[in-house]
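Coordinate inspection notes
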Amino acid sequence: MKDNGLQKTGPIGVFDSGYGGLTILDKIRAQMPEYDYLYLGDNARTPYGPRSFEVVYEFTLQAVKKLFELGCPLVILACNTASAKALRTIQQNDLPTIDPTRRVLGVIRPTVECIGNLTTSKHVGILATSGTIKSESYLLEVQKLFPEISVTGEACPMWVPLVENNEYHTEGADYFVQKHVQHLLGKDPDIDTLILGCTHYPLLLDKIKQYTPSRVQIVAQGEYVARSLQDYLHRHPEMDERCTKEGICRFLTTESEEKFKESASIFLRQDNISVERITLE
Ligand code: DGL
């Protein structure tokens, strides 16, 4: 089935600047194994965290257009930085002209929706990239949904490079994890819930736990995003029908295929992944 030259049915697209979105994909596949997925990692241009709004928007739009061209009716921005800096503009300005029947969803809203049930002290900390923290997206979303909750953010600019370069289990990683967790809890000692507001951070979870007092719970967003997507598809059967369901998952990267395979297999605990290199423009 084709529409405006684009295939109408296809896999769910999952996009991240690099490998981080694989932590989201992993949870989505666990929740909805019957669907097809097409993952795109812009590994050649990662990290997005320190980049300007304009550049993150430009790169994210290129990725979304590519996933649409490849038939995805629905794209998940499995990247907080792209969700913070590009999602709204793409939804409001670009989708109506590209194809108003396709959808792009992010990860910040589904994460914020769960916060109300998690915090008792009503003090929440967000660990994220500099871009996400500067955008104040978490703060604004929490203020909309739960005005009684106070949010304190901490930018952790070294965490994504540690994960992307496979250095997340080293002593160097300990230094940077301890520094930011302590700094955040120093800014607001009443925090009882820490949100990992970057899809790369679940890889650092053991270290984050090590430096976080046990009274503080640490929340990774993958399961919340997966549940929210499932709920979205229940509420939108017209979109659900367009998502193909053969349980196939393919991967695209803007960097070398070999490099992607090696790192992605660590994230997914799975060998034999089918990956293809593409260019975005
Ligand atoms: N994993 C991404 C996020 O959730 C982006 C990291 C980056 O490219 O800086 O923010």
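For the structure itself, look to the data block above.
These numbers come from a predicted model, not from an experiment.

A contiguous patch of negative charge, built from Glu257, Glu258, Glu262 and Glu276, is present on the exposed surface. Top element by residues in the negative patch is helix 13 (residues 257-268). It accounts for 3 residues. Along the chain, the position of glutamate 257 falls in helix 13. Classification of glutamate 257 as partly exposed rests on a relative accessible area of 34%.

We now examine the pattern of salt bridges. With the rule as written, the count across this model stands at 11 salt bridges. Sharing partners across several salt bridges, the network here consists of Arg88, Arg109, Glu113, Glu141 and Lys144.

The next subject is the sheet that holds strand 8 (residues 150-155). If you walk across this open sheet you meet the 4 strands as 8-7-9-10, and the pairing is parallel. Where the open sheet ends on each side, the last strands, each with one partner, are strand 8 and strand 10 (217-219). Sheet twist, expressed as the mean angle between neighbouring strand axes with direction ignored, is 25°. Relative to strand 8, strand 7 (residues 123-128) runs parallel, the two being bridged by 6 bridges. Looking at strand 8, one finds that valine 124 is bridged to valine 151. In the packing of helix 5 (residues 108-118) onto the sheet, the strands contacted are strand 7, strand 9 (193-196) and strand 10, and the crossing angle to strand 9 comes to about 165°.

A separate point is the nonpolar core. Tyr201, Leu233 and Phe251 are the most contacted members of the largest nonpolar core, which totals 52 residues. Grouped together as the second largest cluster of nonpolar side chains are 25 residues, Leu6, Leu40, Tyr48 and Phe68 included.

This part takes up the environment of glycine 172. Note that glycine 172 resides in helix 9 (residues 171-187). Each C-alpha atom of the pair glycine 172 and leucine 162 lies 8.5 Å from the other, and the pair is 10 residues apart in sequence.

The next thing to look at is the sheet that holds strand 12 (residues 275-277). What the 6 strands build is an open sheet, ordered 6-5-3-4-11-12; its pairing is parallel. The open sheet is flanked by strand 6 (103-105) and strand 12, the only strands paired with a single partner. Neighbour-to-neighbour, the strand axes of the sheet open up by a mean angle of 20°, direction not taken into account. Packing of helix 11 (residues 222-235) onto the sheet brings it into contact with strand 3 (12-16), strand 5 (74-77) and strand 6, and relative to strand 5 it is tilted by some 155°.

This brings us to the pairing of strand 9. Going residue by residue along strand 9, you find Thr193 and Ile195 tucked away on one face and Leu194 and Leu196 tucked away on the opposite face as well. Relative to strand 9, strand 7 runs parallel, the two sharing 4 bridges. Paired with isoleucine 126 across the two strands is isoleucine 195, which belongs to strand 9. Relative to strand 10, strand 9 runs parallel, the two being bridged by 3 bridges. When the sheet's bridge partners are listed, leucine 194 is paired in strand 10 with isoleucine 218.

Moving on, we get to helix 9. Helix length check: helix 9, at 17 residues, gives a terminal C-alpha distance of 25 Å against a target of 24 Å (1.5 Å per residue), a fit within 8%. Ala173, Asp174, Val177, His180, Val181, Leu184 and Leu185 are the residues of helix 9 that are buried. The buried residues of helix 9 occupy an angular sector of 150° when projected down its axis, which confines them to one face. Facing away from the buried side of helix 9 by over 90 degrees, the exposed positions are Glu171, Tyr175 and Gly186. Residues of helix 9 that are buried make contact with strand 7, strand 8, helix 8 (159-164), strand 9 and helix 10 (205-210).

Take the environment of serine 256 next. Assignment of secondary structure puts serine 256 in the loop between strand 11 (249-253) and helix 13. Within the structure, serine 256 has its side chain in polar contact with the backbone nitrogen of lysine 259 (distance 3.0 Å).

Each value, and the rule that gives it
Residues numbered from 1 in each chain as written. Predicted model: local features only at pLDDT ≥ 70, side-chain atom pairs only at ≥ 80, totals over all residues. Heavy atoms only, no water. Patch = residues over 30% accessible without salt bridge, like charges linked within 9 Å, V, L, I, M, F, W, Y side chains within 5 Å. Areas by Shrake-Rupley, 256 points an atom, 1.4 Å probe, with all protein chains shown as cover. Salt bridge = Lys/Arg side-chain N within 4 Å of Asp/Glu carboxyl O. Lys, Arg positive; Asp, Glu negative; His and termini not counted. Charge placed at Lys NZ, Arg CZ, Asp CG, Glu CD. Helix = DSSP H or I, 4+ residues; strand = E, 2+ residues; numbered from the N terminus. Buried < 20%, exposed > 50% of the residue type's maximum accessible area, 1.4 Å probe, protein only. Pairing = 2+ DSSP bridges. Axes fitted to C-alpha atoms, helices over the stretch in contact; angles between N-to-C directions. Contact = heavy atoms within 4.5 Å. Core = buried A, V, L, I, M, F, W, Y, C linked by side-chain atoms within 4.5 Å. Expected span 1.5 Å × (residues − 1). Arc of directions from axis to C-beta. Polar contact = N/O pair within 3.5 Å; in protein donor to acceptor, adjacent residues only side chain to side chain.

Just geometry here; none of it tells us what the structure is for.
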